[in-house]
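As a plain string of letters, each chain reads:
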Amino acid sequence: MTTNSSSSATYALMLPGGGARGAYQVGALKAVSELNGSSATGCDNPFPIITGTSAGAINAGVLASHGCSMSEGVARLEYFWSNMRSQHIFRTDMQCMLVNGLRWFLSMYLGFFGFRAPRSLLDNSPLRELLRENLKLPGIAEAIERGNLRALAINASGYTCSDAVSFFQGHASIADWQQDRRRSQRTIIDVDHLLASSALPLIFPAVRIGNEYYGDGGMRLTAPLSTALHLGANRIMVISTRDEKQDEQAIREEDISFPSLGEIGGAMMDIIFLDSLNADISRVRQLNKIVARMSAQDRSELGLHETRVLHISPTEDVREIAYAHSDEVPAALGFMLRRLGAASDGRKVRLPSYLLFEKGFCRALIALGYRDVMARKDEVIAFLQAQD
């Protein structure tokens, strides 16, 4: 909980990771933008604080660069994701993947002859070029100067310092923070910060910023809401990328098998991106109940306030949507996933759902995100209007 005792509503948008599932956030944001409309000042951005992790960091960067107009930022995101191809994110040619696989093999058995393992399973150099050509990051400073944006924060994980670092660009009044291996670093957000935050462990290469290598922001961020809270938010909209239904699939005893590398990798992605988020939302809501029973004087002395969280998440199983679009998987990627045991049936598409950067799958997620928010439009409008 933050120490901001202001009674006014300060909104934050939090976009966690999810790889290709990040397309869901675009559809949800499109609906939010339509429901919000324009203010009397002509600015239609209700979120002065925007935080992002992994794929959510890229979405957050685009929105913040259009901080004076959420509708323009969302339109940019929709075009970007609706025309997505895996080759825009990582190299999908068979030669590249086979060479990387061979290098892994030789490094394990012939490392003493100088064979080094590749830095990652996939080469995401196309994403770097795509971001450099299309992002207008100077718009972040403009939005801050005009008062339409208070801060953009991008979360990354340090491999050497073992800290969760929130790189932020924001108003001069924002103070740095450090708590429980979580710390901030004021900077000018650039492409390297977005690539570092979205560097899935082992899958994409770590990115050097200063004297440290950073990877996916979800790895060490055990309290995902903390960044927005430190930046002064007391109302947070979270758009996550996994449905909240428990897996209830019955498995016969004779069908139980040891999990494949692909299944283990998919479970790791869920843990990195989503499990800590759900736990943090529960903690904040429990703390709200305690704060609500405190006197105004006690709240003021302790610097506590209630923080309302509106959590948007898919109402359908994203794995099933990925399985329905499995024919879109590039041949080389499909070959690799089959070798890892990650694409043999509908039960095992957790990992592919994070890597299926293809327009059919992305468009299906955009449509789902839009429907999900519109189905809760009264709740969303009340939240945006600071009504409980």
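Residues numbered from 1 in each chain as written. Predicted model: local features only at pLDDT ≥ 70, side-chain atom pairs only at ≥ 80, totals over all residues. Heavy atoms only, no water.

**Brief notes about the overall build of the protein chain**
When you go through the protein chain residue by residue, the secondary structure sums to 15 helices and 10 strands. Classification of the 388 residues of the protein chain by burial places 54% in the buried group. Look at the contacts in the protein chain between residues 6 or more apart in sequence, and 76% of them connect residues 24 or more apart. Total accessible area computed for the protein chain in this model is approximately 18000 Å², and 52% of it derives from carbon and sulfur atoms. (Helix = DSSP H or I, 4+ residues; strand = E, 2+ residues; numbered from the N terminus. Buried < 20%, exposed > 50% of the residue type's maximum accessible area, 1.4 Å probe, protein only. Contact = heavy atoms within 4.5 Å. Areas by Shrake-Rupley, 256 points an atom, 1.4 Å probe, with all protein chains shown as cover.)

**Details of helix α1 (residues 23-36)**
Working note: α-helix, 3.6 residues per turn, so residues spaced by three or four point in the same direction. With 14 residues, α1 extends 20 Å between its outermost C-alpha atoms, agreeing within 8% with the 20 Å of an ideal straight helix rising 1.5 Å per residue. Most of α1 is tucked away: 10 of the 14 residues are buried. What α1 keeps buried is the set A23, Y24, Q25, V26, G27, A28, L29, A31, V32 and S33. Looking one or two residues past α1, G37 carries a phi angle of roughly 75°, positive in sign. (Expected span 1.5 Å × (residues − 1).)

**Side note on the packing of aromatic side chains**
With the rule as written, the count across this model stands at 7 aromatic pairs. Look at W81 and F357: their rings are 6.4 Å apart centre to centre, the planes differ by 25°, and that puts the pair in the stacked class. With W81 in helix α3 (residues 70-82) and F357 in the loop between α13 (350-355) and α14 (359-375), this residue pair connects regions lying 276 residues apart in the sequence. Here the two residues W81 and F357 agree in accessibility, since each one is buried. Here the aromatic rings of F90 and F357 are separated by 6.3 Å at their centres, their planes lie at 75°, and the arrangement is edge-to-face. (Phe/Tyr/Trp six-rings, centres within 6.5 Å; stacked < 30°, edge-to-face > 60°.)

**Here's the deal with the pattern of salt bridges**
Under the counting rule described, the total for this entry stands at 11 salt bridges. When the shortest N-O distance is used, the salt bridge between E142 and R146 registers 3.6 Å. Separated by 4 residues within a single helix, E142 and R146 lie in helix α6 (residues 138-146), roughly one turn from each other. For E142, a relative accessible area of 42% corresponds to the partly exposed category. Assessed through its relative accessible area of 56%, R146 is described here as exposed. Residue R371 is joined to E316 by a salt bridge in which the shortest nitrogen-to-oxygen separation is 3.3 Å. (Salt bridge = Lys/Arg side-chain N within 4 Å of Asp/Glu carboxyl O.)

**Remarks on the nonpolar core**
Counting 79 residues, the largest nonpolar core has L29, F47, W81, M237 and I239 as its most contacted members. Ranked by the residues each element gives to this core, the list is headed by α1, at 7 residues. Once you skip the residues sitting within four places of it in the chain, F47 turns out to touch Y11, A12, L13, V32, M70, L149, M237 and L384. In terms of nonpolar packing, the next biggest core, distinct from the first, is built from 19 residues, A228, L229, V238 and I281 among them. (Core = buried A, V, L, I, M, F, W, Y, C linked by side-chain atoms within 4.5 Å.)

**Observations concerning unusual backbone geometry**
Positioned with a positive phi, S162 is a non-glycine residue whose angle comes to about 60°. Structurally, the position occupied by S162 is in the loop between β3 (151-158) and β4 (164-170). Of the residues examined, S162 reaches a relative accessible area of 23% and is grouped as partly exposed. The backbone phi angle of D180 is positive, close to 50°, even though this residue is not glycine. Note that D180 resides in the loop between β5 (178-179) and β6 (182-186).

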